[in-house]
Amino acid sequence: MAALQGLPDVALVFVYALVTALATGLGAVPFYFVKTISERFVAYSNAIAAGLMAGASFGLVSEGSGHGRLETLGGAVLGVLFILGTQRVLGDHDEEELVFGAATGESARRMLLMLVVMTVHSFSEGVAVGVSFGGGMTLATLITVAIAIHNVPEGVAITAVMRPRGVSVTKCAGWSIVSSLPQPLMAVPAFLFVEAFRPALPWGLGFAAGAMLFMVLVELLPEAYHQGRRARVATLTTLSIISMVLFQRLL
Amino acid sequence: MLDLDPILTVLAWASLAAFAAGLGVLPRAVLGRLPRAVLGWGNALAAGLMLGVAFVLLTEGLPTGIGYGALGGALGVGVVLFTHALTGTAELDLNALDDLDPAYGYQVVLVNTLHAAWEGVAIGAAMLVSVPFGVSMAVALAIHNVPEAMVLTEILAGRGVRLTHAAALAVGANLNQVMMAVVTFAVVSAAPAALPWVVGLAVGALLQLLLSELLPESYHQAGHTSIALVALLAMGMVVAFHGATP
Ligand SMILES: [Zn+2]
């Protein structure tokens with residue numbers, strides 16, 4: 001697969017990860033046309049994002065297992081610990097606090113907190129894009145698409161919090177993109193690292209999968225269930241997982 | 001094990017999984033009424049093991065025919081949606097400990113019975129992929145049946161059902177798992193071209209079930225972080241220890 005586009009180089013990694021960051025800005029676009037977005041719509045977007053992220057993680061785990069099953073699982077443990085660690089560092093904010101819609105009429109502190117949380121999340125997503133290039137172009141494209149689509153509802157969430165406070169739609173889009181800028185910045189060193197130290201590849205793939213799956217389970221799914229009907233959430237997530245695996249195999 | 005007729009192997013391991021459900025009454029028998037968080041972790045454990053089984057079936061059980069597998073998956077989702085609609089359980093609170101309406105007790109046992117049938121399909125399909133693979137899936141689902149029966153016991157005990165009867169009901173609800181495993185294995189052995197369809201069917205149904213029955217309840221019963229950790233750990237165990245595929 002890699003032969004299709006020549007060897008993936010640093011520039012290509014940067015561009016792919018920049019695309020995922022720019023996709024976050026798309027989340028502000030609907031607010032040009034409507035004042036608010038229904039909570040159900042956001043819930044189902046989160047359900048789809050959860051499925052795409054989970055399906056992408058499945059791809060990372062099966063690619064990583066080919067290089068070493070235990071190393072991949074070791075990496076996944078590190079990925080989970082990384083997200084847990086960032087949760088600790090950011091303070092014990094209530095898990096419900098950042099749910100879309102719960103934010104109306106709250107302090108500006110929440111706006112900032114939300115941006116910080118989203119920005120820190122982007123670190124592990126950048127790592128995911130970077131290490132996935134070590135598994136070939138197919139995996140890299142899969143991960144990039146999953147994270148880019150997942151970023152759109154993140155942009156919606158950021159805009160939904162900032163817009164009622166009088167921030168312009170363009171600025172909301174800008175802040176959304178800023179929250180995802182760690183993606184291109186982290187992708188390149190992560191890519192260089194697994195290229196230089198091949199034995200680190202399954203660890204890196206596992207790290208990304210663990211971090212992404214943990215975020216699916218700790219944030220995306222509970223938020224989706226909170227605002228949406230669970231049968232519909234389950235269907236959207238299941239079909240997204242299956243499509244992602246199908247997409248990876250056919251690519 | 002190698003000397004056994006293949007159907008007997010499937011029968012033996014699927015039965016082990018079904019009877020493991022009887023162990024689900026032990027926490028209640030030893031500790032009495034269980035805290036809500038324990039039920040949440042039980043649901044998360046069951047969901048994580050099921051997620052692990054769906055994951056390895058999807059990524060390793062479909063070396064060929066991924067397209068048919070995906071179609072089978074969509075079909076599995078559809079059939080689960082249909083049975084939920086038919087039984088009026090699509091948005092039912094499955095862990096209502098204080099709902100003493102007689103109809104509710106039947107509905108919960110019915111949900112568990114329909115759920116178990118799909119796990120039988122998964123065991124049968126996995127055995128066709130390879131025997132060690134099938135055995136590891138049966139063991140994962142046997143462990144999965146314990147917390148699932150623990151939650152069922154808590155609901156039944158709250159309604160005044162004796163623990164021995166709860167154990168019998170939990171095993172009984174899982175007996176069709178044995179039947180479905182054997183039937184799936186026998187039918188697909190005779191028509192091997194159906195294997196990708198059946199693997200996909202099991203994956204779609206398992207994912208739909210765990211995402212609509214187990215996880216939504218768990219998030220109401222314990223903190224999101226602990227639920228995510230328990231589910232991921234369980235999934236990781238299945239990925240770590242699953243048997244070889246050809
Ligand atoms: Zn089950």
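Everything below is about the structure printed above this text.
Just so we're clear, the structure is a prediction, and the values are computed from it rather than from any experiment. (Residues numbered from 1 in each chain as written. Chains lettered and ligands numbered in written order. Predicted model: local features only at pLDDT ≥ 70, side-chain atom pairs only at ≥ 80, totals over all residues. Heavy atoms only, no water.)

### A short note on helix α4 (residues 66–86) of chain B
- An ideal rise of 1.5 Å per residue puts 30 Å on 21 residues; α4(B) measures up with 30 Å between its terminal C-alpha atoms.
- Those residues of α4(B) lying buried are B:Ile66, B:Gly69, B:Ala70, B:Gly72, B:Gly73, B:Gly76, B:Val77, B:Val80, B:Thr83 and B:His84. Seen along its axis, α4(B) keeps its buried residues to an arc of 160 degrees; they face one direction. Exposed residues pointing more than 90 degrees away from the buried face of α4(B) are listed as B:Phe82, B:Ala85 and B:Leu86.
- Buried-residue contacts for α4(B) involve α9 (230–250) of chain A together with α5 (102–129) and α8 (195–221) of chain B.
- Once α4(B) finishes, B:Gly88 follows within two positions and takes phi at roughly 65 degrees, a positive value. (Helix = DSSP H or I, 4+ residues; strand = E, 2+ residues; numbered from the N terminus. Expected span 1.5 Å × (residues − 1). Buried < 20%, exposed > 50% of the residue type's maximum accessible area, 1.4 Å probe, protein only. Arc of directions from axis to C-beta. Contact = heavy atoms within 4.5 Å.)

### A closer look at the coordination of the zinc ion
Residue and element names in this part refer to chain B.
- Only His115 (NE2), Glu119 (OE), His144 (NE2), Glu148 (OE) and Glu148 (OE) from the protein coordinate the zinc ion, and they sit 1.8 to 2.5 Å from it.
- Between the donor residues of the zinc ion, the gaps in sequence give the motif H-x3-E-x24-H-x3-E. On the criterion of sequence distance, the pair formed by Glu119 in helix α5 and His144 in helix α6 (residues 131–158) is long-range, its members being 25 residues apart.
- Its relative accessible area of 0% is what places Glu119 among the buried residues.
- Using a relative accessible area of 0% as the deciding quantity, one classes His144 as buried. (Donors = N, O, S within 2.8 Å, 3.2 Å for Na, K, Ca; no water.)

### A word on the interface of chain A and chain B
- Across the boundary between the two partners, chain A contributes 32 residues, which contact 41 residues of chain B.
- Interface area for chain A against chain B, summed over the two sides, is near 3300 Å², with a carbon-plus-sulfur share of 72%.
- Contact with chain B buries area across many residues of chain A, yet A:Leu217, A:Arg230 and A:Arg249 alone supply 22% of it, more than any other trio.
- Counting across the chain A and chain B interface gives one salt bridge.
- Note that B:Glu217 and A:Arg230 form a salt bridge whose closest N and O atoms lie 2.9 Å from each other.
- Of all the elements in the fold, those that place two or more residues in the side of chain A that touches chain B are α2 (39–67), α3 (69–89), α8 (201–227) and α9 of chain A. (Buried area = accessible area lost by both parts, 1.4 Å probe. Salt bridge = Lys/Arg side-chain N within 4 Å of Asp/Glu carboxyl O.)

### Side note on the layout of surface pockets
- Reported here for the second largest pocket is a volume of approximately 390 Å³.
- Lining the second largest pocket are 19 residues, with A:Ala76, A:Val77, B:Leu232, B:Leu233 and B:Gly236 sitting closest to its centre.
- For the lining of the second largest pocket, the secondary structure elements donating two or more residues are α3 and α8 of chain A together with α9 (224–241) of chain B.
- Of all the elements, α9(B) adds the most residues to the lining of the second largest pocket, at eight residues. (1 Å grid on protein atoms, 1.4 Å probe; cavity = no way out; pocket = protein on both sides within 12 Å on 5 of 7 lines; lining within 4 Å. Points joined across faces, edges and corners; volume = space filled by probe spheres on them.)

### Some details on α9(B)
- Helix length check: α9(B), at 18 residues, gives a terminal C-alpha distance of 26 Å against a target of 26 Å (1.5 Å per residue), a fit within 8%.
- Listing the buried residues of α9(B) in full gives B:His224, B:Thr225, B:Ile227, B:Ala228, B:Ala231, B:Leu232, B:Ala234, B:Met235, B:Gly236, B:Val238, B:Val239 and B:Ala240.
- Packed against the buried residues of α9(B) are α2, α3 and α8 of chain A together with α3 (36–60), α6 and α8 of chain B.

### Some thoughts on the packing of α3(B) against α8(B)
Residues and elements named next belong to chain B.
- Running from N to C, α3 and α8 cross one another at 160 degrees; their axes reach a closest spacing of 8 Å. The pairing of α3 with α8 is recorded here as roughly antiparallel in orientation. Between α3 and α8 the crossing geometry is left-handed. (Axes fitted to C-alpha atoms, helices over the stretch in contact; angles between N-to-C directions. Parallel < 35°, antiparallel > 145°, perpendicular 65-115°, else oblique. Left-handed = near helix turned anticlockwise from the far one by under 90°.)

### So, a nonpolar patch on the surface
Residues and elements named next belong to chain A.
- A cluster of nonpolar residues, Phe14, Val15, Val19, Trp175, Val178, Leu181 and Leu185, forms a patch on the protein surface that exposes about 600 Å² of accessible area.
- Elements supplying a minimum of two residues to the nonpolar patch: α1 (10–26) and α6 (169–180).
- Element by element, the count of residues in the nonpolar patch is highest for α1, at three residues.
- Tracing the backbone through its elements, the reader meets Val178 in helix α6.
- Given a relative accessible area of 39%, Val178 falls into the partly exposed group. (Patch = residues over 30% accessible without salt bridge, like charges linked within 9 Å, V, L, I, M, F, W, Y side chains within 5 Å. Areas by Shrake-Rupley, 256 points an atom, 1.4 Å probe, with all protein chains shown as cover.)

### Some thoughts on the environment of A:Phe133
- Along the polypeptide, A:Phe133 turns up in the loop between α4 (108–132) and α5 (137–162).
- Taking the C-alpha atoms as reference points, A:Phe133 and A:Ile143, separated by ten residues in sequence, lie 9.3 Å from one another.

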